[in-house]
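# Understanding the architecture of this molecule
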Amino acid sequence: MSASTYTIVNLPDQATATMPKRHYINNEHGLLSWLFTADHKRIAMLYLMSITFFFFIGGAFAGLIRLELLTPQPDLVASDTYNKFFTMHGIVMIFLFLVPSVPATLGNFLIPIMLGAKDLAFPKINLLSWYLYMAGGMFTLAALVLGGVDTGWTFTTPLSTHYLNTHVVTAATAIFIAGFSSIFTGLNFIVTIHRMRAPGMTWFRMPLFVWANYAASVLMVLGTPVLAIAIVLVALERLIGIGVFDPTKGGDPLLFQHLFWFYSHPAVYIMILPGMGVISEVISTFSRKRVFGYTAVAFSSVAIAVFGFFVWAHHMFIMGVSNYSALVFSLLTMLVAVPSAIKIFNWAFTLQKGSITFETPMLYAFGFMGLFTIGGLTGVFLGSLGMDIHLTETYFIVAHFHFVMVGGMLMAFLAGIHFWWPKMTGRMYPESMSKLAAVVTFIGFNLTFLPQFILGYLGMPRRYHAYPQEYQVLNVLSTAGATVLGVGYLLPMLYLAWSLKYGEIAGDNPWQATGLEWQIQSPPLTENFTEIPVVDYEAYDYEWLANKTEHEVTTVG
Amino acid sequence: MANTIAAHHDAELHEEHEHVVLPQHRHHFETEEQQREAGSFGMWLFLLTEIMFFGGMFFAYLLYRNWYYPAFVAASNQLNVPEGTANTVILITSGFFMALGVWAAEVRKKGLLVVFLILTTIFGFAFLGVKADEYHEKWEKHHIPGASFDVKEFINPAAYGLHEEPLAPDMAQKTQVFFFLYFAMTGMHALHMIIGLALLFWLTWRAHKGDFSSGYVAPIENFGLYWHFVDIVWLFLFPLLYLINRHPL
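Given the structure is predicted, the values throughout are model-derived calculations rather than measurements. (Residues numbered from 1 in each chain as written. Chains lettered and ligands numbered in written order. Predicted model: local features only at pLDDT ≥ 70, side-chain atom pairs only at ≥ 80, totals over all residues. Heavy atoms only, no water.)

We now examine the overall build of chain B. Within chain B, the regular secondary structure consists of eight helices and three strands. Listed N to C, the secondary structure of chain B is β-α-α-α-α-α-β-β-α-α-α in terms of helices and strands. In chain B, which comprises 249 residues, the proportion classed as buried is 53%. Looking at chain B alone, contacts between residues at least 24 apart form 78% of all its contacts between residues at least 6 apart. Counting only carbon and sulfur atoms, one obtains 67% of the accessible surface of chain B, whose full area is about 11,400 Å². (Helix = DSSP H or I, 4+ residues; strand = E, 2+ residues; numbered from the N terminus. Buried < 20%, exposed > 50% of the residue type's maximum accessible area, 1.4 Å probe, protein only. Contact = heavy atoms within 4.5 Å. Areas by Shrake-Rupley, 256 points an atom, 1.4 Å probe, with all protein chains shown as cover.)

Helices and strands together make up the secondary structure of chain A, namely 18 helices and one strand. Since a compact globule built from 557 residues should have a radius of gyration of about 24 Å, the 24 Å found for chain A is in line with a globular shape. Here the C-alpha coordinates of chain A stretch approximately 75 × 45 × 45 Å along the principal axes. By residue count, 63% of the 557 residues in chain A fall in the buried class. Long-range contacts, defined here as pairs at least 24 residues apart, represent 83% of the contacts in chain A between residues at least 6 apart. Total accessible area on chain A is roughly 19,600 Å²; 71% of this is exposed by carbon and sulfur atoms. Of the charged side chains in chain A, 25 are positive and 28 negative, and the gap between their average positions amounts to 5 Å. (Rg over C-alpha atoms; globule rule 2.2 N^0.38 Å. Lys, Arg positive; Asp, Glu negative; His and termini not counted. Charge placed at Lys NZ, Arg CZ, Asp CG, Glu CD.)

With that settled, consider the environment of isoleucine 356 of chain A. Residue and element names in this part refer to chain A. Relative to the elements of secondary structure, isoleucine 356 occurs in the loop between α12 (337-351) and α13 (360-383). Spatially, the C-alpha atoms of isoleucine 356 and methionine 201 are 28 Å apart, while their sequence positions differ by 155 residues. With residues up to four places along the chain from it excluded, the contact list for isoleucine 356 reads Phe286, Ser287, Leu351 and Met362.

Right, let's get into the packing of aromatic side chains. In total, this model carries 70 aromatic pairs over all chains according to the counting rule given. Aromatic pair phenylalanine 209 of chain A and tryptophan 420 of chain A: ring centres 5.3 Å apart, planes at 50°, arrangement tilted. One end of the pair, phenylalanine 209 of chain A, is in helix α8 (residues 208-240); the other, tryptophan 420 of chain A, is in helix α15 (residues 395-425), and 211 residues separate them in sequence. Taking relative accessible area as the criterion, phenylalanine 209 of chain A reaches 0% and is therefore assigned buried. Here the aromatic cluster, defined as three or more aromatic residues joined through ring pairs, consists of Tyr61, Phe72, Phe127, Tyr135, Phe178, Phe179, Tyr182, Phe183, Trp234, Phe238 and Tyr242 of chain B. Cation over ring: arginine 290 of chain A sits above tyrosine 294 of chain A, and NZ or CZ is 4.8 Å from the ring centre. Here the guanidinium or amino end of lysine 174 of chain B rests over the ring plane of tyrosine 68 of chain B, the centre of that ring lying 5.3 Å away. (Phe/Tyr/Trp six-rings, centres within 6.5 Å; stacked < 30°, edge-to-face > 60°. Lys NZ or Arg CZ within 6 Å of the ring centre and 35° of its normal.)

All names here are of chain A. One can describe the packing of helix α7 (residues 168-195) onto α8 by two numbers: an axis separation of 8 Å at closest approach and a directional angle of 155°. The angle between the axes of α7 and α8 places the two elements in the roughly antiparallel class. Both α7 and α8 take part in a crossing whose hand is left-handed. When its residues are assigned to classes, the contact of α7 with α8 shows 23 nonpolar, seven polar and one charged. (Axes fitted to C-alpha atoms, helices over the stretch in contact; angles between N-to-C directions. Parallel < 35°, antiparallel > 145°, perpendicular 65-115°, else oblique. Left-handed = near helix turned anticlockwise from the far one by under 90°. Nonpolar A, V, L, I, M, F, W, Y, C, P; charged D, E, K, R; others polar.)

Residue and element names in this part refer to chain A. Note on placement: histidine 465 falls in the loop between α16 (431-458) and α17 (472-502). Polar contacts involving the side chain of histidine 465 include one to the main-chain amide nitrogen of serine 79, which spans 3.4 Å. Setting aside residues no more than four positions away along its own chain, histidine 465 makes contact with Glu68, Leu69, Gln73, Pro74, Val77, Ala78, Ser79 and Tyr82. (Polar contact = N/O pair within 3.5 Å; in protein donor to acceptor, adjacent residues only side chain to side chain.)

Here the focus is the environment of glycine 56 of chain B. Locating glycine 56 of chain B in the fold gives a position in helix α2 (residues 32-67). Ignoring anything within four residues of it in the chain, the contact list for glycine 56 of chain B reads Ile229 and Leu259 of chain A.

All right, on to helix α3 (residues 79-98) of chain A then. Taking 1.5 Å per residue, 20 residues should reach 28 Å; α3 of chain A reaches 27 Å between its end C-alpha atoms and fits that length. Burial analysis of α3 of chain A places 15 of its 20 residues in the buried class, the great majority of the element. (Expected span 1.5 Å × (residues − 1).)

This part takes up unusual backbone geometry. All names here are of chain A. For the bond from threonine 157 to proline 158, the omega torsion is -5°, close enough to zero to count as cis. Along the chain, the position of proline 158 falls in the loop between α5 (123-146) and α6 (159-163). The step from serine 522 to proline 523 runs through a cis peptide bond, and the omega angle for that step is -10°. Positive phi, normally seen in glycine, also occurs at phenylalanine 155, with a value near 50°. Note on placement: phenylalanine 155 falls in the loop between α5 and α6. Phi at glutamate 393 is positive, roughly 60°, even though this residue is not glycine. Within the element layout of this structure, glutamate 393 appears in the loop between α14 (385-391) and α15.

The next subject is the pattern of salt bridges. Evaluated as defined, the whole model comprises 15 salt bridges over all chains. Here arginine 22 of chain A ties to glutamate 527 of chain A by a salt bridge, and the two come within 3.8 Å at their closest N and O atoms. In this pair, arginine 22 of chain A sits in the segment before α1 (31-35) while glutamate 527 of chain A sits in the loop between α17 and β1 (533-534), placing the two residues 505 residues apart along the sequence. Note on arginine 22 of chain A: relative accessible area 42%, which makes it partly exposed. Residues lysine 131 of chain B and glutamate 134 of chain B are paired through a salt bridge, measuring 3.5 Å at the closest nitrogen-oxygen approach. Of the two residues, lysine 131 of chain B and glutamate 134 of chain B are both situated in helix α5 (residues 110-140); the distance of three residues between them amounts to about one turn of the helix. (Salt bridge = Lys/Arg side-chain N within 4 Å of Asp/Glu carboxyl O.)

Right, let's talk about the confidence of the model for chain B for a bit. Residues and elements named next belong to chain B. For chain B, per-residue confidence averages 84 on the pLDDT scale, and residues scoring 70 or more make up 83% of the total. Of all secondary-structure elements in chain B, the lowest mean pLDDT belongs to helix α1 (residues 10-17), at 42, while helix α4 (residues 81-106) reaches the highest, 96. Contacts for the low-pLDDT stretch residues 1-19, under 50 throughout, to residues beyond four places or in other chains number 52 contacts. The ipTM value of the predicted complex is 0.87, and its pTM value is 0.91. (pLDDT = per-residue confidence, 0-100.)

Another aspect to go through is the nonpolar core. Judged by nonpolar contacts, the single largest core of 256 residues is most densely connected at Phe368 and Trp420 of chain A together with Leu181 of chain B. Excluding anything up to four places from it in sequence, tryptophan 420 of chain A contacts Leu106, Leu110, Met114, Phe209, Val278, Glu281, Glu517 and Trp518 of chain A. (Core = buried A, V, L, I, M, F, W, Y, C linked by side-chain atoms within 4.5 Å.)

Here we take up the side chain of histidine 402 of chain A. Residues and elements named next belong to chain A. Of note, histidine 402 is situated in helix α15. According to the relative accessible area criterion, histidine 402 is buried, its value standing at 14%. Residues within four places of histidine 402 in sequence aside, it is in contact with His89, Gly407, Phe445 and Phe449.

For α7 of chain A, spanning 28 residues, the distance from its first C-alpha to its last is 40 Å, which sits close to the expected 40 Å at 1.5 Å a residue. Judged by how many residues are buried, α7 of chain A sits mostly within the fold: 22 of 28 residues are covered.

All names here are of chain A. On the secondary structure map, phenylalanine 86 appears in helix α3. As a C-alpha pair, phenylalanine 86 and glycine 152 span 66 residues in sequence and 6.7 Å in three-dimensional space. With residues up to four places along the chain from it excluded, the contact list for phenylalanine 86 reads Ile65, Gly152 and Arg463.

Moving on, we get to the packing of α5 of chain A against α7 of chain A. Residue and element names in this part refer to chain A. One can describe the packing of α5 onto α7 by two numbers: an axis separation of 8 Å at closest approach and a directional angle of 160°. The pairing of α5 with α7 is recorded here as roughly antiparallel in orientation. As α5 runs across α7, the sense of the crossing is left-handed. For the contact of α5 with α7, the per-class residue count stands at 15 nonpolar, nine polar and no charged.

Below, the structure written as structure tokens:
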């Protein structure tokens, strides 16, 4: 019946592995073949390069912020320049790095392969969304070059519409366009997951990475349009002076807050959910076990997406929402902790009695679990009304969301990049060097953001470029940590680039993993599968794999 | 071999479904059926994002209507109900021709399809013409929010019993919020019409070339969904803006 059969490879083949002659990278040549490609894997690589570029721009601004805060005096830059620094850091990191990072790179590369499809449902729309991302990025750079924006990334009205004479409209355009990029990515993923699954790939055989991206896509598709309309209204209010947010004309600035946070709180889950998907894959592979409570982990992604839409008003506890709505939103906010905790506990149970090995992706995954737990627990502090009133707009909140988004999301992104690097490039990264980078990142991260919890608790407000003398020790620690963290990010940049030419040949399945993506050659062919696979096994079936190694694997032919 | 991943031939899958491979078939879909379903599902999802997009403005409208009720009553009395009604009829007619167009494509009648697409286009333009006339009227009456907004004409015919009295000055200013939302919502709707008309020209040209007479009807079907969505948004806008506040007692 079938001409060729995919068999899960059960012996390390790295020693004898050779680079395949034909794959998606060398299938076509020249710059234009990349700029007009409709191949999801090439688009993923385009995203990887551009997202890395913007990450280092955002990181440079983080460095400038930490440098200014080294001393209590405002001695590096003036206050409005400092405002532009943190605004640019926020806009770039959130809209151009955290939101697209895992879905647009790893998701684009892997989702069709994990489902047994040859491409995403709409390859041209996929390419369009990369161009929209780049256009959004260019508008952001334009806003920067023209003189910067100093509203903060939240564009709070009427500050943004009336009192700040900077390039708000340019930045708003950037976010509007980048927003469409993420709408189209989400739309493409949802249709692909519904309609492109290979025969036998049922919903509950899908890898958890796919589930996590599915939930994040739902958030992108439903949330981003609301951000788009809020941003359009801000731009209109600035340009032609209409008064939908202007209290002097009968408008209400709180309306902006509702519309903005209706997207921007779910956006946190858009950022973190795909990262959680990465962690599920990594933990399962390196403990050689099926993810404990697979169904619970899958549904917890959906639950996070659903709850994520009902918590936005906790950003307004101190801005004049009524006591009753504050109470309701406080409870709903804490409810989100439940599905997140389900994931953490299930990962812990997966590890229990597993044959754990500590490859680099696993180190990052452990980092994720530790840091995300701290970030999540401090989120419960902030969700409680009384605590929130004391801690909001202080460095406590800065530390909290950096723990979730940098400690969580960025660790997951690095775990995923290392984990799938052999698949994407066909070559291994240098193992000891990358372990060092993971450890340096972890130490640097904690040194940067743990002092900020204390600073916030003591009352240091965010967004100020000068502070009283007694906060200096903790700020110096934080800036020192940021330097270590910077080294931790630069290292993978360097050795991953090095590995492209000098890395060991990876072979098809260096981790002996069970996912469909490991059953095809590395790097894959342009069409992924020469013949569409029929799936008749559950995801992460490592118990079977362990038994199988004792016998000769017969090939159906 | 419980745990191997076997593979099907493409040919086998095609045999099962008895499909003719059309030139529009994209390589990464296994069957025509899959391609058509994916396109249609994608369109529905896109319309969902559109609902969320308009939803932000509907949310603002309901909120402000609640707060500034007399202003919204007075302002909605200044809208041109006959023109709005005419436009509702025109747009529904246009949607009716579009539905006939989808039918014509499905029964592979090329000539009828072109005729219905042209009729859809004509009624679409008629809608925009009436809308432009309404906008012009607002300009002449100084009802465009911003610099030259004039509040003199706003009276609340029913709120004060038989007497027609002007609104209190601070409430009268709130009519600007109504007109801003009126222009934002109808303007965004008109923008969707303009994009739709541009697509109609392209589809009519392709229908004329015979692209949709072979059983490949996905673009016509999906555009039909878009056009009906634009109709439906108007069917919400018309009562909300023109009708519901006119007789508040």
